[in-house]
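# Summary of structural features
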Amino acid sequence: VYVTCYDFAHLSAEHFLRPSAADHSHPTGASLSTSPLCAWALDEGICVVCVVMSGKGKGGRGKTAEKTKKVRQEVRAGLQFPVARIARYLKKGRYAKRVAKGAPIYMAAVLEYLCAEVLELAGNAARDHKKTRITPRHLQLAIRNDEELSKMLGDVTISQGGVMPHIHDVLLPKKSKAKAKKEAEAANNEE
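Here we summarise the structure given alongside this text.

Criteria and cut-off values
- Residues numbered from 1 in each chain as written.
- Predicted model: local features only at pLDDT ≥ 70, side-chain atom pairs only at ≥ 80, totals over all residues.
- Heavy atoms only, no water.
- Salt bridge = Lys/Arg side-chain N within 4 Å of Asp/Glu carboxyl O.
- Buried < 20%, exposed > 50% of the residue type's maximum accessible area, 1.4 Å probe, protein only.
- Patch = residues over 30% accessible without salt bridge, like charges linked within 9 Å, V, L, I, M, F, W, Y side chains within 5 Å.
- Areas by Shrake-Rupley, 256 points an atom, 1.4 Å probe, with all protein chains shown as cover.
- Helix = DSSP H or I, 4+ residues; strand = E, 2+ residues; numbered from the N terminus.
- Lys, Arg positive; Asp, Glu negative; His and termini not counted.
- Polar contact = N/O pair within 3.5 Å; in protein donor to acceptor, adjacent residues only side chain to side chain.
- Arc of directions from axis to C-beta.
- Contact = heavy atoms within 4.5 Å.

## Regarding the pattern of salt bridges
The full count for this structure, using the stated rule, is 1 salt bridge. In this structure, E74 and R72 form a salt bridge, with 2.3 Å as the shortest nitrogen-oxygen distance. The exposure class assigned to E74 is buried, which follows from its relative accessible area of 6%.

## What to know about a nonpolar patch on the surface
A contiguous nonpolar surface patch, about 330 Å² in accessible area, is contributed by I167, L171 and L172. Among the secondary structure elements, I167 is positioned in the loop between α7 (147–152) and α8 (177–190). What makes I167 exposed here is its relative accessible area of 55%.

## With respect to the side chain of R144
With respect to the secondary-structure elements, R144 resides in helix α6 (residues 136–145). One buried charged side chain, R144, makes no salt bridge at all; its nearest oppositely charged neighbour is D155, positioned 8.1 Å away. In this structure the side chain of R144 is engaged in a polar contact, spanning 2.8 Å, whose partner is the backbone oxygen of L153. Of the polar contacts made by the side chain of R144, one reaches the backbone oxygen of V156; its length is 2.7 Å.

## Quick word on helix α4 (residues 83–92)
Those residues of α4 lying buried are V83, I86, A87 and L90. The arc that holds every buried residue of α4, seen down its axis, measures 105°, which confines them to one face. In this fold, the buried residues of α4 make contact with α3 (73–77) and α5 (103–128). Of the residues trailing α4, R94 is marked for its positive phi of about 55°.

## Observations regarding the environment of E112
Mapped onto the fold, E112 is located in helix α5. Not counting the four nearest positions on each side in its chain, E112 is found in contact with L79, Q80 and F81. Among the polar contacts made by the side chain of E112, one reaches the main-chain amide nitrogen of Q80 at a distance of 2.6 Å.

Below, the structure written as structure tokens:
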């Protein structure tokens, strides 16, 4: 609020109670106050004028709220995962006393990368089985066939995932002696 005193003894009280913007306005363009204080001060020959500044002056904060549009953190970081939600979970979980500003962004990026990697491999496994829907079995096959994901999720049990197809050599049927001789001769002939 901008407060100043002017000598308006030659004007009547009507000018201050119902000011018109053209006749009685502040040099900055703000209208005069219609408070009873103006009428009281007019009897004394002095008028106290209160001018409310719009905030666009030199002392203002710059841009107003209507001009600046809020951009979500995940959009700024180029992510799909919700940064604000992860920040809230980190704070609510009390994993540390304080959470840095970049921590939820970094965590969202890591989680998004892991999900993209698993879903890509599971999608490939589903396509190999001529399916359009990813099932827990496809997730299991994707994770266990990838060395790094298998190491990371080694102690994880995926419900309805099944097991990896593998038959131990000892359990396979024994070859007959005739077939073994033919294979040995074929190997010798090639050399």
